[in-house]
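Okay, here's what each chain looks like letter by letter:
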Amino acid sequence: MSIRHGLLALLERGPRYGSQLRTEFESRTGSTWPLNVGQVYTTLARLERDGLVAPGGEDTAGHTLYAITETGRHELREWYERPVDRANPPRDELAIKLAMAVGAPGVDIRAVIQAQRHATVQAMQDYTRLKAQALAAIESGRGSERDDIAWLLVLEQLIFQTEAEARWLDHCESRLVRLSARGERAPAEAEPPEGHRAAPGATTAPTTPMTAPTTDTDRSLSRTARTRRV
């Protein structure tokens, strides 16, 4: 999330001071990504250093105001027009957890998935309830319609995200079941039982590997090898 550009977007509406920016940012996003005042002023200092904002005097209460510059407006326009880069996706704790849980001693990865699925469904229900409240606020005209609509968009993104996460967890569980079943069907190569070994001096029929018929065992092993490569 770009706090830098979020603050620029708020400053485009007029000069603001630090705690005012924090309040408006959290109001617009429903406090989904809370900020602290120190974080806001650190970002403002960097924006001023880069020539994107400049001091804009003081208000009647003595708060130092910041105003967006023309360079800042240009930077903001480019941000709006530029697609979000997905080449370097942010770290996802859940994906990392499941990746580490695969084969970890003493860890039941299916239990990890079940616990997360329960939490994900609960979050989805909470977001859906908040969405209903946001829609009611918009329809009744209470509060700032602009902030309510912005919050509604954020909530709907969170709902879609949790729905996708629930589907992904189902997929992970199904994948593990299929891989486990394939692993059980793939027989390990072993020597024939003692009673079936050829007697010393016995003549065995010659084999030609390149023309040997394909058996069910061969096909099973081939599928397992392809799965591992994938």
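Data block above holds the structure.
Nothing here was measured: the structure is a model prediction, and the numbers come from that model. (Residues numbered from 1 in each chain as written. Predicted model: local features only at pLDDT ≥ 70, side-chain atom pairs only at ≥ 80, totals over all residues. Heavy atoms only, no water.)

Caption draft 1: Structural view of the nonpolar core. Formed by 17 residues in total, the largest nonpolar core has its most connected members in Leu8, Leu11, Leu21, Leu44 and Leu47. Elements represented by at least two residues in this core include exactly helix 1 (3-11), helix 2 (18-29), helix 3 (37-49) and strand 2 (64-68). Setting aside residues no more than four positions away along its own chain, Leu21 makes contact with Leu7, Leu10, Leu11, Arg16, Val40 and Leu44. By size, the runner-up hydrophobic cluster in this structure holds seven residues, among which are Leu94, Ala101, Ile109 and Leu169. (Core = buried A, V, L, I, M, F, W, Y, C linked by side-chain atoms within 4.5 Å. Buried < 20%, exposed > 50% of the residue type's maximum accessible area, 1.4 Å probe, protein only. Helix = DSSP H or I, 4+ residues; strand = E, 2+ residues; numbered from the N terminus. Contact = heavy atoms within 4.5 Å.)

Caption draft 2: Spotlight on the environment of Ala67. Relative to the assigned elements, Ala67 resides in strand 2. For the pair Ala67 and Arg13, spaced 54 residues apart in sequence, the C-alpha separation works out to 9.2 Å. In this structure Ala67 touches Pro15, Leu52, Val53, Ala54 and Gly56, once residues within four positions along its chain are discounted.

Caption draft 3: Spatial organisation of the packing of aromatic side chains. Scanning the model with the defined rule gives one aromatic pair in all. With 5.4 Å between their ring centres and 40° between their planes, Trp79 and Tyr80 make a pair best called tilted. By relative accessible area, which is 28% here, Trp79 ends up partly exposed. (Phe/Tyr/Trp six-rings, centres within 6.5 Å; stacked < 30°, edge-to-face > 60°.)

Caption draft 4: Region of interest: the layout of surface pockets. One number sums up the size of the second largest pocket: a volume of about 190 Å³. The wall of the second largest pocket is formed by Leu98, Val102, Ile109, His171, Cys172, Arg175, Leu176 and Leu179. Class assignment of the residues belonging to the lining of the second largest pocket gives a composition of six nonpolar, one polar and one charged. (1 Å grid on protein atoms, 1.4 Å probe; cavity = no way out; pocket = protein on both sides within 12 Å on 5 of 7 lines; lining within 4 Å. Points joined across faces, edges and corners; volume = space filled by probe spheres on them. Nonpolar A, V, L, I, M, F, W, Y, C, P; charged D, E, K, R; others polar.)

Caption draft 5: Layout of the pairing of strand 2. Sheet topology note: the strand 1 (residues 53-58)/strand 2 ladder contains four bridges and is antiparallel. By the bridge assignment for strand 2, Val53 is matched with Ile68. Taking the residues that link successive antiparallel strands as the turn, the strand 1-strand 2 hairpin has five residues, and the phi of Gly62 there is positive, at about 90°. (Pairing = 2+ DSSP bridges.)

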